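Next come the chains, spelled out residue by residue.
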Amino acid sequence: MLPDAGPDAPLVTAMRARELGRKSVVVGDRVGLVGDTSGAAGALARIVRIAERTSVLRRTADDDETTAEGRLERVVVANADQLVIVSALADPPPRTGFIDRCLVAAYDADIEPLLCLTKADLAGPEAVLDYYAELELPYVLIRPDSDLDALRDLLAGRVSVMVGHSGVGKSTLVNRLVPDAARAVGTVSAIGRGRHTSTSAVALRLPRRPGGPTHGGNADAGWIVDTPGVRSFGLAHVSADSLLHGFPDLVEGTVDCPANCPHTPDAPDCGLDAWVAAGKADPRRLASYRRLLASRAGEGDPPAAA
């Protein structure tokens, strides 16, 4: 859709021009078009230029960059400014290990995170919010009868990419936000796993709301990028140093670490142990960080188990 087009304007069909070579076009890219941009039936334009990206959210299939899966880097979306991490509070239960991975990826891409906790009618958010208490992580609670106004306010005027495990209600949420989206909705199995219902990422323009908040001098309701449900969020593309930035509550605890401290459990004089022992960070957060360090080194559980 052209940037200045109204919400009811037809979609423009375009193909990548040969002169772009192997340069890939991903969801969220801002591109230059030539040819027929009317959106009429049978019209076809060409993508001749890809603008410089302001952000790139990436993931890998594995944490270890020495493996084939770790070297296979996937761009999830370009030019997003918010990562909406969708997690159910029950059926399936929340997985803070997966949320931690998404936070690392968001901070590495310089994208603001937002925690969206669904199925709040089935369980309370206290355990999850307590785990992230030191981060002051913004969040919204979603129930089947929620009016979604609080979420829409946080999405307004922004490009937000939604990620989450299958079965957490992400597609249901997208259909409520964009009634014409018609995203496929699945069910959760008896073992707490959802079916993969979305098969590709798609950008959807949010409907404008009368009296909604304005951003940048306009009433743009924003865009959401719905992504397929994922079982893992590999971080092989994130350096070991940058990995710590996903745990801002631990950063200050490394001030007294010796030079080149690996922060592993057997590292002599690592300041993180004393930091946690003094009650300045949750020991579960340190354990999660060290699990990611071990996974990067090809040890411990694979990302699918997080």
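Residues numbered from 1 in each chain as written. Predicted model: local features only at pLDDT ≥ 70, side-chain atom pairs only at ≥ 80, totals over all residues. Heavy atoms only, no water.

### Quick look at the overall build of the chain
Here comes step 1: Secondary structure assignment for the chain yields nine helices and 11 strands.
Here comes step 2: In the chain, which comprises 306 residues, the share counted as buried stands at 45%.
Here comes step 3: Long-range contacts, defined here as pairs at least 24 residues apart, represent 69% of the contacts in the chain between residues at least 6 apart. (Helix = DSSP H or I, 4+ residues; strand = E, 2+ residues; numbered from the N terminus. Buried < 20%, exposed > 50% of the residue type's maximum accessible area, 1.4 Å probe, protein only. Contact = heavy atoms within 4.5 Å.)

### Describing the nonpolar core
Here comes step 1: Ranked by size, the top nonpolar core spans 48 residues in total, and within it Leu57, Leu83, Tyr132, Val161, Leu235, Leu250 and Tyr289 carry the most contacts.
Here comes step 2: Those elements that provide at least two residues to this core are β5 (73-78), β6 (82-88), α2 (96-108), β7 (112-118), α3 (126-131), β9 (159-163), α8 (271-277) and α9 (283-296).
Here comes step 3: Ignoring anything within four residues of it in the chain, the contact list for leucine 235 reads Thr60, Asp62, Asp63, Arg101, Val104, Ala105, Leu243, Leu292 and Arg296.
Here comes step 4: Residues Ile142, Leu155, Leu177 and Val178 belong to the second largest nonpolar core, which totals 21 residues. (Core = buried A, V, L, I, M, F, W, Y, C linked by side-chain atoms within 4.5 Å.)

### A closer look at the sheet that holds β6
Here comes step 1: Taken in spatial order, the six strands line up as β8-β7-β6-β9-β11-β10 in an open sheet, and their pairing is mixed. Across the chains shown, the open sheet's two edge strands, defined by having one partner strand only, are β8 (139-141) and β10 (202-205). Taking each pair of neighbouring strands and ignoring which way they run, the sheet shows an average axis angle of 25°.
Here comes step 2: Looking at chain direction, β7 and β8 are connected through three bridges and run parallel. Note on β8: the bridge partner recorded for leucine 115 is tyrosine 139.
Here comes step 3: Packing of α2 onto the sheet brings it into contact with β6, β7 and β9, and relative to β6 it is tilted by some 180°.
Here comes step 4: Sheet strands in contact with helix α5 (residues 170-177) are β6, β7, β9, β10 and β11 (223-226), and its direction is about 150° off that of β11. (Pairing = 2+ DSSP bridges. Axes fitted to C-alpha atoms, helices over the stretch in contact; angles between N-to-C directions.)

### A closer look at the environment of histidine 165
Here comes step 1: Mapped onto the elements, histidine 165 comes out in the loop between β9 and α5.
Here comes step 2: Sequence separation between histidine 165 and isoleucine 99 is 66 residues; the distance between their C-alpha atoms is 10.0 Å.

### Points about the environment of arginine 285
Here comes step 1: Tracing the chain through its elements places arginine 285 in helix α9.
Here comes step 2: Sequence separation between arginine 285 and leucine 250 is 35 residues; the distance between their C-alpha atoms is 8.1 Å.

### Quick look at the environment of isoleucine 142
Here comes step 1: Counting through the fold element by element, isoleucine 142 comes out in the loop between β8 and α4 (149-155).
Here comes step 2: Linking isoleucine 142 and cysteine 116, residues 26 residues apart in sequence, is a C-alpha distance of 7.2 Å.
Here comes step 3: Contacts of isoleucine 142, omitting those with residues within four sequence positions, involve Cys116, Leu117, Thr118, Lys119, Ala120, Leu148, Leu151, Leu173 and Arg176.

### A short note on the sheet that holds strand β2 (residues 31-35)
Here comes step 1: Spatially, the three strands line up as an open sheet ordered β1-β3-β2, and their pairing is mixed. What marks the edges here is a single partner per strand, and that holds for β1 (14-16) and β2. Neighbour to neighbour, the strand axes of the sheet diverge by 40° on average, direction disregarded.
Here comes step 2: When β1 meets strand β3 (residues 45-50), the two strands line up parallel, connected through three bridges. Of the residues in β3, the one forming a bridge with arginine 16 is isoleucine 47.

### What about α9?
Here comes step 1: Between its first and last C-alpha atoms α9 spans 20 Å; for 14 residues at 1.5 Å apiece the expected length is 20 Å, and the two agree.
Here comes step 2: Within α9, burial applies to Arg285, Leu286, Ser288, Tyr289, Arg290, Leu292, Leu293, Ser295 and Arg296.
Here comes step 3: Close packing links the buried residues of α9 with α2, α3, α6 (240-243), α7 (248-251) and α8. (Expected span 1.5 Å × (residues − 1).)

### Section: the pattern of salt bridges
Here comes step 1: What the rule picks out here adds up to 12 salt bridges.
Here comes step 2: For the salt bridge of aspartate 282 with arginine 284, the shortest nitrogen-to-oxygen distance reads 2.6 Å.
Here comes step 3: Aspartate 282 sits in the buried class, given a relative accessible area of 18%.
Here comes step 4: Salt bridges here are not isolated pairs; linked through shared partners, they connect Asp100, Asp249 and Arg285. (Salt bridge = Lys/Arg side-chain N within 4 Å of Asp/Glu carboxyl O.)

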